[in-house]
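Structural features, examined
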Protein chains: 2
Amino acid sequence: MPQRTKKPGAAKTRSVAFRRIRADHSSELAEDYVELIADLIDEKGEARGSDVAMRLGVANATVVKTLKRLQDAGLVTQEPYRSIFLTGEGWKMAEDGRRKHKIVEAFLLALGVSEETARIDSEGIEHHVSEETLRAMARFLARKVM
Amino acid sequence: MPQRTKKPGAAKTRSVAFRRIRADHSSELAEDYVELIADLIDEKGEARGSDVAMRLGVANATVVKTLKRLQDAGLVTQEPYRSIFLTGEGWKMAEDGRRKHKIVEAFLLALGVSEETARIDSEGIEHHVSEETLRAMARFLARKVM
DNA sequence: CTGAAAGTTTAGCATTGGCTAAACCTATTG
DNA sequence: CAATAGGTTTAGCCAATGCTAAACTTTCAG
Ligand SMILES: [Mn+2]
Ligand SMILES: [Mn+2]
Ligand SMILES: [Mn+2]
Ligand SMILES: [Mn+2]
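Scope of this entry: the structure provided in the associated data block.

Calculation notes
- Each chain has its residues counted from 1, following the order in which its sequence is written.
- Written order determines the labels here, with chains lettered from A and ligands numbered from 1.
- Residues qualify for local features only when their pLDDT is at least 70, as the model is predicted, and side-chain atom pairs are given and counted only at 80 or more; totals for whole chains, interfaces and linings, by contrast, use all residues.
- Hydrogens and water molecules were not included; the side-chain quantities draw on all heavy atoms of the structure.
- Distances decide who is a donor: an N, O or S atom must be within 2.8 Å of the metal, or within 3.2 Å for Na, K and Ca. Water is not included, so sites may look incomplete.
- The way it works is that DSSP assigns letters per residue, a run of H or I at least four long becomes a helix, a run of E at least two long becomes a strand, and they are numbered from the N terminus.
- Categorising residues by exposure relies on relative accessible area from a 1.4 Å probe, with only protein chains included: less than 20% of the type maximum marks a residue as buried, more than 50% marks it as exposed, and the intermediate range marks it as partly exposed.
- To superpose the copies, least squares is applied to the C-alpha atoms of every residue with a pLDDT of at least 70 in both.
- Note on contacts: a residue pair is in contact if any heavy atoms of the two residues lie within 4.5 Å.
- One speaks of a salt bridge when a side-chain nitrogen belonging to Lys or Arg is within 4 Å of a carboxyl oxygen belonging to Asp or Glu.
- The patch calculation keeps residues exceeding 30% relative accessible area without a salt bridge and links them within 9 Å when they carry like charges or within 5 Å when they are nonpolar (Val, Leu, Ile, Met, Phe, Trp, Tyr).
- For the area figures, the Shrake-Rupley method with a 1.4 Å probe applies, and any residue is considered shielded solely by the protein chains shown.
- Positive charges come from Lys and Arg, negative ones from Asp and Glu, while His and the chain ends are left out of the count.
- For charged residues, the charge sits on one atom: NZ in Lys, CZ in Arg, CG in Asp, CD in Glu.
- Multiplying 1.5 Å by the helix residue count minus one yields the expected span of that helix.
- To be clear, the arc concerns the directions from the helix axis to the C-beta atoms.

**A word on the coordination of the manganese ion (ligand 1)**
Around a metal, the idealised angle for a tetrahedral arrangement of four donor atoms is 109.5 degrees; for an octahedral arrangement of six donor atoms it is 90 or 180 degrees. Residues and elements named next belong to chain A. Taken together, Glu35 (OE), His101 (ND1), Glu126 (OE) and Glu126 (OE) make up the full set of protein donors to the manganese ion (ligand 1), lying 2.2 to 2.3 Å away. Mapped onto the polypeptide sequence, the residues donating to the manganese ion (ligand 1) form the spacing pattern E-x65-H-x24-E. Between the manganese ion (ligand 1) and the manganese ion (ligand 2), a separation of 3.7 Å is found, and both are coordinated by Glu126. Of this pair, Glu35 sits in helix 2 (residues 15–44) while His101 is found in helix 5 (residues 88–111), placing the two residues 66 residues apart along the sequence. Here Glu35 matches His101 in class, with each residue buried.

Shown next, in the form of C-alpha cells:
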C-alpha cells in the first residue's frame, strides 16, 4: 500500500452539506424567476421578459435563455414576443418561494435588522434554509408577537 | 412611442438584492475552499487536493481546476503533486469565513434547530448574511447566554 | 533499488448563466 | 395602412463548475 495512509470514514460525512448547497444553487435561479413572474402577474397583470430582466438586473438575452430552460423544466409557458405564464407547477414553486421568503424576511426584521438589509439578505438566505429552520424562525416570530 | 408604455423608476431598485446574490455566489466557492484548506492544515498538518475533493463531494479533477483559479486569485500556493498552502490573503479569507460560519451555526443552534441542521444550513447561509445581520445574530446569542 | 499501486494531473466534454451586437417582430402613428 | 421606433429574440462569445477517462508521478514493498 503505497503513499500515506488515509483515515477513511468520517471525512465523507461532511460532504453532505456541500452537496445540499450545490443542489440549492441549481434550483435557486428557477425559484427567483417563478416568484418574480408571479409577482409581476399579480402586480401588472402580465409578466414580460424585459420586466424580469430589469428586476433581476441582467440582460434581456439572459432572461430569454433562462426562460427556455424553465420551459423545458415545465415551470413556465411562453410564445415568442408574448408575455410569460406559469404552469401549475410553476405557481406551486412560486407560492412556496413566497412563503419561505416572507418567513425569512419577517424573521430578520424581528431580529432587529433594517428593512433594507432584511430585504437584501432574505433574497439569498431563503434558498438555504431547511424546513426545520423555517419552523424555528416561525416559532420565534410567534413568540415575539405574543 | 409604440408598444405598451412602461412605468419606469422603482423597478430598477429591486435589482440590487439580486446583484448582491450573484456577487455572493462568485465568492462563495473560494470561501469554502480556503476555509476547508485551513481546517485540513490545522487538523492534519497539511491539505491535499484529494482531501478537499472528498470533503466537498466533488471529483479530484474539479478541485485541481478550481485550485488553479484560486492560485491566480492569490489565495493559495501549490506545486504539482504537493499539498496546498494558503497565502496571507488566503488565511485572512479563511479566518473571516470561520468567524461568520461560527456565528451563523451557533445562532441556529440557539434558535433551537438540531445540530445536523445547523451544520448543514449554516454552510449555505454564511455566504448570504451581511455584517448587519451577523451583528444581530451575535446580539441574540449574547442575550441568550446571559 | 526497482516495479507497480495508488494518488494526481491533463484532456476533453457538458451545462449554466452571463454579455453584446445584429436580426427580427409588433404595434403606434402619421 | 404602411413605416418605423422600439421591444424581443438569435447568434456567438466567455467564464465557472462539474464530470470521466487517460496519462503521469510518487512512494513504498519487496
Ligand atoms: Mn424569493
Ligand atoms: Mn431569492
Ligand atoms: Mn464555512
Ligand atoms: Mn459555506
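Here the narrative resumes, following the displayed structure.
**Concerning the coordination of the manganese ion (ligand 2)**
Bound to the manganese ion (ligand 2) on the protein side are A:Asp32 (OD), A:Glu123 (O), A:Glu123 (OE), A:Glu126 (OE) and A:His127 (NE2), at distances that span 1.9 to 2.3 Å. In the primary structure, the donors to the manganese ion (ligand 2) are separated according to the pattern D-x90-E-x2-E-H.

**A short note on the relation of the copies chain A and chain B**
Mapping chain A onto chain B calls for a screw motion: a turn of 180 degrees about the axis and a shift of 0.0 Å along it, with 0.1 Å RMSD after fitting. Here the copies are linked by what is in effect a two-fold axis. Identified as the residue of chain A closest to the rotation axis by C-alpha distance is A:Ile125, at 2.8 Å. Residue by residue, 100% of the interface of chain A is reproduced at the interface of chain B, so both copies engage with the same surface.

**Re the pattern of salt bridges**
The tally for this structure, following the rule as stated, stands at 22 salt bridges over all chains. Two residues, A:Arg20 and B:Asp121, come together in a salt bridge whose shortest N-O distance is 3.2 Å. A residue pair is termed interchain when its members come from two chains, as with A:Arg20 in helix 2 and B:Asp121 in helix 6 (residues 115–125). Where A:Asp42 meets A:Arg98, a salt bridge forms, and the shortest distance between an N and an O atom there is 2.8 Å. In this pair, A:Asp42 is assigned in helix 2 and A:Arg98 in helix 5, connecting sequence segments 56 residues apart.

**Some thoughts on a positive patch on the surface**
Positive charge collects at one region of the surface, where A:Arg135, A:Arg139, A:Arg143 and B:Lys144 lie side by side. In terms of residues, the positive patch owes the most to one element, helix 7 (residues 131–145) of chain A, which gives three residues. Topologically, A:Arg139 is positioned in helix 7.

**Some details on unusual backbone geometry**
Residue and element names in this part refer to chain A. The phi dihedral of Tyr81 is positive, around 65 degrees, even though this residue is not glycine. You can see Tyr81 is positioned in the loop between strand 1 (76–77) and strand 2 (85–86). Tyr81 gets classed as exposed once you look at its relative accessible area, which sits at 84%.

**Remarks on helix 7 (residues 131–145) of chain B**
If you check helix 7 of chain B, its first and last C-alpha atoms are 21 Å apart, about what 15 residues at 1.5 Å a residue would give, namely 21 Å. Along helix 7 of chain B, the residues that are buried comprise B:Thr133, B:Leu134, B:Ala136, B:Met137, B:Phe140 and B:Leu141. Mapping the buried residues of helix 7 of chain B onto a view down its axis gives an arc of 160 degrees, with all of them on the same face. Buried residues belonging to helix 7 of chain B abut helix 5, helix 6 (115–125) and helix 7 of chain A together with helix 5 (88–111) of chain B.

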